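# Close look at the chain arrangement
Here's the letter readout for the chains.
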Amino acid sequence: MTGEEYATSDEGDPQRRDISTRRRVGERHPATEMHPVALSIRRERFSPALACLLFEGPPGLPRGEGLPPFASTHTAVLHTLRAALPPPVSQSPRASARSWPAALAALLLLASCEQATRAPSALAYAGSGTISDTVLPALSRGFVDAGGVPVDARFYVGSSAGMRMVLEGQADLAGLARAPKSTEKALNPYYVIFAYDALAVLVHPDNPVKDLTRAQVKALFTGQVKNWRELGGHDGPVERVTVELNSGSGSVDFFRETVMEGASFGPGRVIPHPDDCQRYVASHRDAVTFLSLSQGVEGVRRLALDGVEATPATVRTADYPLSRPLVLATRGVPEGSLRAFLDFVMSPPGQALVARTFVPVHADR
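Before going into details, it helps to say that this report is about the structure given with it.

Right, let's get into the overall build of the protein. Looking only at helices and strands, one finds 15 helices and 13 strands in the protein. The 365 residues of the protein split such that 48% are buried. Accessible area for the protein stands at about 17,300 Å²; split by element, carbon and sulfur atoms hold 54% of it.

Okay, here's the thing in structure tokens:
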């Protein structure tokens, strides 16, 4: 990996219905020629108890019932095993019951062996919607095309909760729309900066204000500035629009730290999804919000901050005041598919996908 990375320390079964007709001397079911486990069972002649289990199910229950829950998901394996075994010999109920635990253990072992041969499961992502709603699907598809496993964005919980889930072992990969906090670094995660983004202050296109200082942006969102006229704009009440402020959003955390500097947000309209925030500002002249650059500028206009426009160059160099890193983090030094995915993200093909939405780490991507 290259780039900035850190390690901080059966009744309806047709095969079952005609099984007796397929057990003539010298006759083999086609499936047994394809499954080495089945051939081994035929060769070793497992106990009658296991044969009885596979053909009949547990003693005392109707035929085919009472198999463990996973059996329904291993139909092909069970069919093959039934075809490979000789028909069960007759047993007394007492003997069958005594043999049932050993037979079940054997079946569980065989099923676990079959499960181990399957392709690795998807990687579970938790964290920032800024990442999962934009570039992550393309990175997952690119990784799969390169021979990897999918990345499943199953937990839309925000940067802080995503990092916590990974550190607790509940997810494989966390996405942060900010740098890791000192309290998170103290738990020794591994992380890599894979892109740069920035927050933009967005207003309606008809709003005459073009440029603000960071102090003026703070005054806007604390509620100290109540009318756009105080900032050289039109005569109209400032309408603050934000996503949920207590959701653990990396964007909110970054804005609160970089702009608000410990001050509280003033009253305003809370809209859960960034897309809807942007649409609201696009249709209300007095509204203002802050969103990721990845949102685009459809129907809105970005303000310059401290005289600096948000461009790929100013974001990468952090000359634009609200520039921030985008981070992928794991619980420890990654291995296997997890390491391979991070390597892909930092590779030229991965960075080319990143560049469609964000500023890639390397300027030549």
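Counted according to the given criterion, the structure contains 11 salt bridges. R256 is the partner of D253 in a salt bridge, and the nearest nitrogen-oxygen pair spans 3.8 Å. With D253 and R256 both in helix α11 (residues 250–260) and three residues apart, this pair spans about one turn of that helix. Judged by relative accessible area, which is 27%, R256 ranks as partly exposed.

Burial in helix α10 (residues 214–222) covers these residues: V217, A219, L220 and F221. Contacts made by the buried residues of α10 are with β5 (190–203), β6 (211–212), β7 (239–242), α11, β9 (287–292) and β11 (304–305). One or two steps after α10, the chain reaches G223, where phi turns positive at roughly 100°.

This part takes up the packing of aromatic side chains. Taken as a whole, this structure holds seven aromatic pairs when the rule is applied. Judged by centre distance (6.0 Å) and plane angle (25°), the ring pair of F255 and F265 falls under stacked. Taken together, the positions of F255 in helix α11 and F265 in the loop between α11 and β8 (269–270) put the pair 10 residues apart, joining distant regions of the chain. Residues F255 and F265 agree in their burial class; the two are buried. Judged by centre distance (6.3 Å) and plane angle (25°), the ring pair of F265 and F290 falls under stacked. Within this pair, whereas F265 is found in the loop between α11 and β8, its partner F290 is found in strand β9, the two being separated by 25 residues in sequence. As far as burial versus exposure is concerned, F265 and F290 are alike and both buried. Ring pairing ties together the aromatic residues F221, F255, F265 and F290, which thus form one cluster.

The next point concerns the packing of α10 against α11. Close contact between α10 and α11 brings their axes to 9 Å; oriented N to C, the two are set at 120°. Relative to α11, the element α10 is oriented oblique. Note on element contacts: α11 touches α10 through F255, T258, V259 and M260, opposite R214, V217, K218, F221 and T222.

Procedures and definitions
- Residues numbered from 1 in each chain as written.
- Predicted model: local features only at pLDDT ≥ 70, side-chain atom pairs only at ≥ 80, totals over all residues.
- Heavy atoms only, no water.
- Helix = DSSP H or I, 4+ residues; strand = E, 2+ residues; numbered from the N terminus.
- Buried < 20%, exposed > 50% of the residue type's maximum accessible area, 1.4 Å probe, protein only.
- Areas by Shrake-Rupley, 256 points an atom, 1.4 Å probe, with all protein chains shown as cover.
- Salt bridge = Lys/Arg side-chain N within 4 Å of Asp/Glu carboxyl O.
- Contact = heavy atoms within 4.5 Å.
- Phe/Tyr/Trp six-rings, centres within 6.5 Å; stacked < 30°, edge-to-face > 60°.
- Axes fitted to C-alpha atoms, helices over the stretch in contact; angles between N-to-C directions.
- Parallel < 35°, antiparallel > 145°, perpendicular 65-115°, else oblique.

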